[in-house]
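Read off the chains here:
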Amino acid sequence: MDDCCSAGGESRAPDRLADGRYDAVFDERFAQRIARQYSKRGLTPSERHIVDYLADEVGIVGARVLEIGGGVGELQLALLERGAANTVNLELSAAYEATAERLAAEAGVGDRVTRTVGLDLAERPTAVDEADIVVLHRVVCCYPDADRLLSAAADRARRALVFSHPPRNLVSRAGAVSVNLMMWLVGRSYRGFIHSPDAMVDVLAGHGLQARYRHRDRGWCIVGTQR
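Here the structure is a predicted model, which is why all the values come from computation and not from measurement. Throughout this document, residue positions are counted from 1 along each chain, in the order its sequence is written. The model is predicted, so local features are restricted to residues of pLDDT at least 70 and side-chain atom pairs to those at 80 or more, both for listing and for counting; the totals for chains, interfaces and linings are taken over all residues. Only hydrogens and water are removed before side-chain values are computed, so all heavy atoms of the structure are retained for them.

(A) Layout of the packing of helix α3 (residues 45–58) against helix α4 (residues 74–81). The axes are straight lines fitted to the C-alpha atoms, using for helices just the contacting stretch, and the angles between their N-to-C directions are given from 0 to 180°. Here a strand is any run of E in DSSP of at least two residues, a helix any run of H or I of at least four, and the numbering for each starts at the N terminus. Across the interface, α3 lies against α4 with an axial gap of 10 Å and an inter-helix angle of 35°. Crossing hand, α3 versus α4: right-handed. Two secondary-structure elements touch here, α3 through Glu47, Ile50, Val51 and Leu54 and α4 through Glu74, Leu75, Ala78 and Leu79. We call Asp, Glu, Lys and Arg charged. Ala, Val, Leu, Ile, Met, Phe, Trp, Tyr, Cys and Pro are nonpolar, and the rest, Gly among them, are polar. Along the lines of polarity and charge, the residues of the contact of α3 with α4 split into six nonpolar, no polar and two charged. With the far helix as reference, a near helix turned anticlockwise by less than a right angle produces a left-handed crossing, and one turned clockwise produces a right-handed crossing. Two residues qualify as a contact provided that any one of their heavy atoms is within 4.5 Å of a heavy atom in the partner residue.

(B) Local environment of the pattern of salt bridges. Should a side-chain nitrogen of Lys or Arg be within 4 Å of a carboxyl oxygen of Asp or Glu, the pair is scored as a salt bridge. Applying the stated criterion to the full structure yields eight salt bridges. Among the salt bridges present, the one from Arg82 reaches Asp52, with a minimum N-O distance of 3.2 Å. Here Asp52 lies in helix α3 and Arg82 lies in the loop between α4 and β3 (86–91), a separation of 30 residues in the sequence. Among the ionic pairs, Arg102 bridges to Glu106, the shortest N-O distance being 3.1 Å. Here the residue Arg102 and the residue Glu106 both occupy positions in helix α5 (residues 97–106), the gap between them amounting to four residues, near one helical turn. Judged by relative accessible area, which is 39%, Arg102 ranks as partly exposed. Residues joined in a network through salt bridges with shared partners are Glu47, Glu74 and Arg138. Using a 1.4 Å probe on the protein chains alone, a residue whose accessible area is under 20% of its type maximum counts as buried, one over 50% counts as exposed, and one in between counts as partly exposed.

(C) Region of interest: the packing of aromatic side chains. The aromatic pairing rule takes the rings of Phe, Tyr and Trp, using the six-membered ring of Trp, and pairs them if the centres are within 6.5 Å, calling planes under 30 degrees apart stacked, those over 60 edge-to-face and the rest tilted. Tallied over the full model, the rule gives one aromatic pair. Centroid distance Tyr53 to Tyr213: 4.6 Å. Interplanar angle 20°. Geometry classified as stacked. With Tyr53 in helix α3 and Tyr213 in strand β7 (residues 210–216), this pair connects stretches of sequence that are 160 residues apart. Residue classification places Tyr213 among the buried residues on the basis of a relative accessible area of 15%.

Here it is in structure tokens:
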């Protein structure tokens, strides 16, 4: 993620290095695997639900979209295809950039995508411009302070914010413990988190965003909020 984001299809130089916690896990091999899956199968079911909700119930034609942790940018490509004006992606891992830029170029939307690396929005919430819509898919479970991240994201959202999180149950908690133990054993600092769904929704409500949409599939719970 970067110091300053503006629409216009550019990748601005980061003001600090990408976070090594995420580079070690979400590396170039991971990015290429996600891109291959997207090229073969398109969006995942949860991604399709997010796009349909935003297009059908919020309205994305002409919208500026900010995605936090968008990876290779497949959600942004779909939103641009459905009518969004431009997108900004904030990323803490630098490993996605080459693959994401290739996908955007292949889709013919490279000039409508801005990608930034090295800015933690929770730490610098005013360093990026507001957007009509903010998206956090598969992100809050990777961040230790979900309340702080969602607060910062909410303050950037003019109209709507949608996020996904794992279900909070014994299975997901056991899975997080297993992953974190493995990370510790191999000497990596990355950790996964299973935050309280109700607490996260309450944070957004405190910033004027009310939950209007909920969906759960096999792996992810999606919450759509609007002002």
